[in-house]
Amino acid sequence: MEKIMELRDARQAAIGKHPFFEWLNDSSTAIEERLTFAPMAAFFVMQFRDMNLWVLRFPQTRDEYEWIINLGTREDERHSRMFLEDWRKLDLDGRLRWSASDTLWWLFLSPDQEVFRRSGIEFISLAVADGDDALIRFGHSEAGEATGHVMLGNTATITESLAEKTGLTYRYFGPYHLELESGHVANTEGVFERVVLDPRRRAESVEACNRMFDIFERIFDGFLRYARTYVDTGTVPERSAAPSATAEWTAPPLEIKPNDQRGIRVARRLAQRKAQVAAHPFYDWLREADGLSARQKLNRFIPMWVMDILGYRDLNRYAMTYPSPKDTAEQAVNTWAARLSRHSGLFLSDWDALGLDAILGHSASDALEFLFLDQDMDLHRQNMIEFVKLALRHRDPAVRWWMMAALESTGEQFFAHTRTLATTVEAETGLRLDYLAGRHDPSDTCANTGGDQDGVPPAPLSAEGLEAALRVVDHVFDSMEAQLWRSLAVARANKFNVP
């Protein structure tokens, strides 16, 4: 481990000289302004709770190394709440004046946040690549702790000066958080350091450590870009116009055409699960004539699906896609994923049409709290993270294709029912609900067929791939069923106080 520690120290010293910290400590920027780069950190910091809960943590500890890493995750998962406390003390809601839809655009669709969306998937990929080996995971976990210590070492000094002016205590950016972060995993030293790694583990741990530092280099680049673009100019990001599906074309249900016996087996399993999910009581509730209008029914559950709908873009763009496809099978997956990643932008127009900002009444910090800390949303975020891990684990394009087919198939009944409600709302109000009505492709990507996917698997499954594909199909449908139960409970309870 000595090599890992030496690498950590060298990269920590180098990252401490990042130009962002020069900006942060430059007295030409008023002390009251220096922490207002925080909106750029929102996605990363709030998602960090999920990374500790469902990515870095070992489900059951098998040795002292896993125990130490888990100890660190239990502390770190609480920090997003402190971030929201500081957000409100800095009056970022007043500065930004964002509604819930503005916040959704910022997190999931704005060009500024792209680096954080991509980095989130890469963060997960590190935990997939380490194969749940704590001795390798330590390498990238230690890098994350080291960069956090550098960051907080700079912001803590600023909060001390700021506190003298405001009389407020800033726990996330201040000394309180810094004291929790020694720069080492779980603040426990002397355990990992004694380990002698074999050559393979040493090489993988070095690579993981470097990749994590590279992620943070890009993150600090993003902070600096925000500071110069918005803080220095006294402006804030403004939501751009959402795309529209001006054509009436909708993609037909995927007709799967397996070309061998293994594919037939998976197709049968998928068909069985589709029939099972189609009978879910949530869909009965959507069809019931219970005195609620079509618009009221949509508004009672749609906010719960934000992570699934908007997160689907990055699942396809960064987890399903092969950066350098080496054959036609991988390219076929990329082509399909590229089309699917373009759909989510349409959702915000539906959100606006349904008047969900007014119903929820969320400021930016309220929206962050709902998205990342509401217990009913945990299931949706956990499932999305599990989908990312599944995609990253299965490099075989045949398995990955079947995962995409399963995900798309779970949506068939969902959109069949939202389409009925959405078109009713459209007829009654003159509003347009493109996403919920199933018009998922903006006009410039429409076609007269099923798009880029003809339903034929791009490669045959191996024997091992067959078992993997069957497990993936079951996992995807199990996740969907769990979310439908949660939506049914939320809708019946009228969680969002829909009038």
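Before going into details, it helps to say that this report is about the structure given with it. (Residues numbered from 1 in each chain as written. Predicted model: local features only at pLDDT ≥ 70, side-chain atom pairs only at ≥ 80, totals over all residues. Heavy atoms only, no water.)

### Comments concerning the packing of aromatic side chains
Two aromatic rings, taken as a pair, are described by how far apart their centres are and by the angle between their planes.
And step 1. All told, the structure shown has 38 aromatic pairs when counted by the stated rule.
And step 2. Ring centres 5.3 Å apart and planes at 45° place the aromatic pair Tyr65 and Phe192 in the tilted group. Here Phe192 lies in the loop between α10 (175–180) and α11 (199–231) and Tyr65 lies in helix α4 (residues 64–76), a separation of 127 residues in the sequence.
And step 3. Residue Phe192 is classed as buried on the basis of its relative accessible area, which comes to 1%.
And step 4. On the basis of an interplanar angle of 85° and a centroid distance of 5.3 Å, the ring pair of Phe414 and Phe415 is categorised as edge-to-face. Accessibility assignment for this pair places Phe414 and Phe415 in one class, buried.
And step 5. Geometry around Phe58 places Arg137 over its ring, the cationic atom sitting 4.5 Å from the centre.
And step 6. Positioned above the aromatic ring of Trp285, the side-chain terminus of Lys297 is 4.6 Å from the ring centre. (Phe/Tyr/Trp six-rings, centres within 6.5 Å; stacked < 30°, edge-to-face > 60°. Helix = DSSP H or I, 4+ residues; strand = E, 2+ residues; numbered from the N terminus. Buried < 20%, exposed > 50% of the residue type's maximum accessible area, 1.4 Å probe, protein only. Lys NZ or Arg CZ within 6 Å of the ring centre and 35° of its normal.)

### Concerning the nonpolar core
And step 1. One finds Phe20, Phe83, Phe223 and Leu371 to be the most contacted residues of the largest nonpolar core, which totals 170 residues.
And step 2. Of the residues forming this core, the biggest block, 15 residues, is contributed by α11.
And step 3. Every residue in contact with Phe223, bar those within four places of it in the chain, is listed here: Phe20, Phe37, Met40, Ala41, Phe116 and Met151. (Core = buried A, V, L, I, M, F, W, Y, C linked by side-chain atoms within 4.5 Å. Contact = heavy atoms within 4.5 Å.)

### Re the pattern of salt bridges
And step 1. Enumeration over the complete set of coordinates arrives at 43 salt bridges.
And step 2. One salt bridge in this structure joins Arg49 and Asp50, with 3.9 Å as the shortest N-O distance. Asp50 matches Arg49 in its accessibility class, with the two residues each being buried.
And step 3. A network of salt bridges, in which partner residues are shared, links Glu114, Arg117, Arg313, Asp314 and Arg317. (Salt bridge = Lys/Arg side-chain N within 4 Å of Asp/Glu carboxyl O.)

### Notes on unusual backbone geometry
And step 1. Phi at Asp91 takes a positive value of approximately 55°, unusual for a residue other than glycine.
And step 2. Along the polypeptide, Asp91 turns up in the loop between α5 (79–89) and α6 (92–96).
And step 3. Relative accessible area serves as the criterion here: at 47%, Asp91 is assigned to the partly exposed category.
And step 4. Not every positive phi belongs to a glycine, and Asn494 is a case in point at roughly 50°.

### Some thoughts on the packing of helix α8 (residues 114–129) against helix α20 (residues 375–393)
Think of two packed helices as two axes; the pair is described by the angle between the axes and how far apart they sit.
And step 1. The N-to-C vectors of α8 and α20 enclose an angle of 60°; their axes lie 10 Å apart at closest approach. Regarding the angle of α8 to α20, the classification is oblique. Two packed elements cross with a definite hand, and for α8 against α20 that hand is right-handed. Of α20, the residues touching α8 (which contributes Ile121, Ile124, Ser125 and Val128) are Ile385, Val388, Lys389, Leu392 and Arg393.
And step 2. Taken together, the residues that form the contact of α8 with α20 break down as six nonpolar, one polar and two charged. (Axes fitted to C-alpha atoms, helices over the stretch in contact; angles between N-to-C directions. Parallel < 35°, antiparallel > 145°, perpendicular 65-115°, else oblique. Left-handed = near helix turned anticlockwise from the far one by under 90°. Nonpolar A, V, L, I, M, F, W, Y, C, P; charged D, E, K, R; others polar.)

### Remarks on the environment of Met1
And step 1. Mapped onto the secondary structure, Met1 falls in the segment before α1 (2–15).
And step 2. Residues Met1 and Met377, 376 residues apart in the sequence, show an inter-C-alpha distance of 39 Å.
And step 3. Not counting the four nearest positions on each side in its chain, Met1 is found in contact with Leu135, Phe138, Phe192, Glu193, Val195 and Leu197.

In short, shape yes, function no, at least from these values alone.
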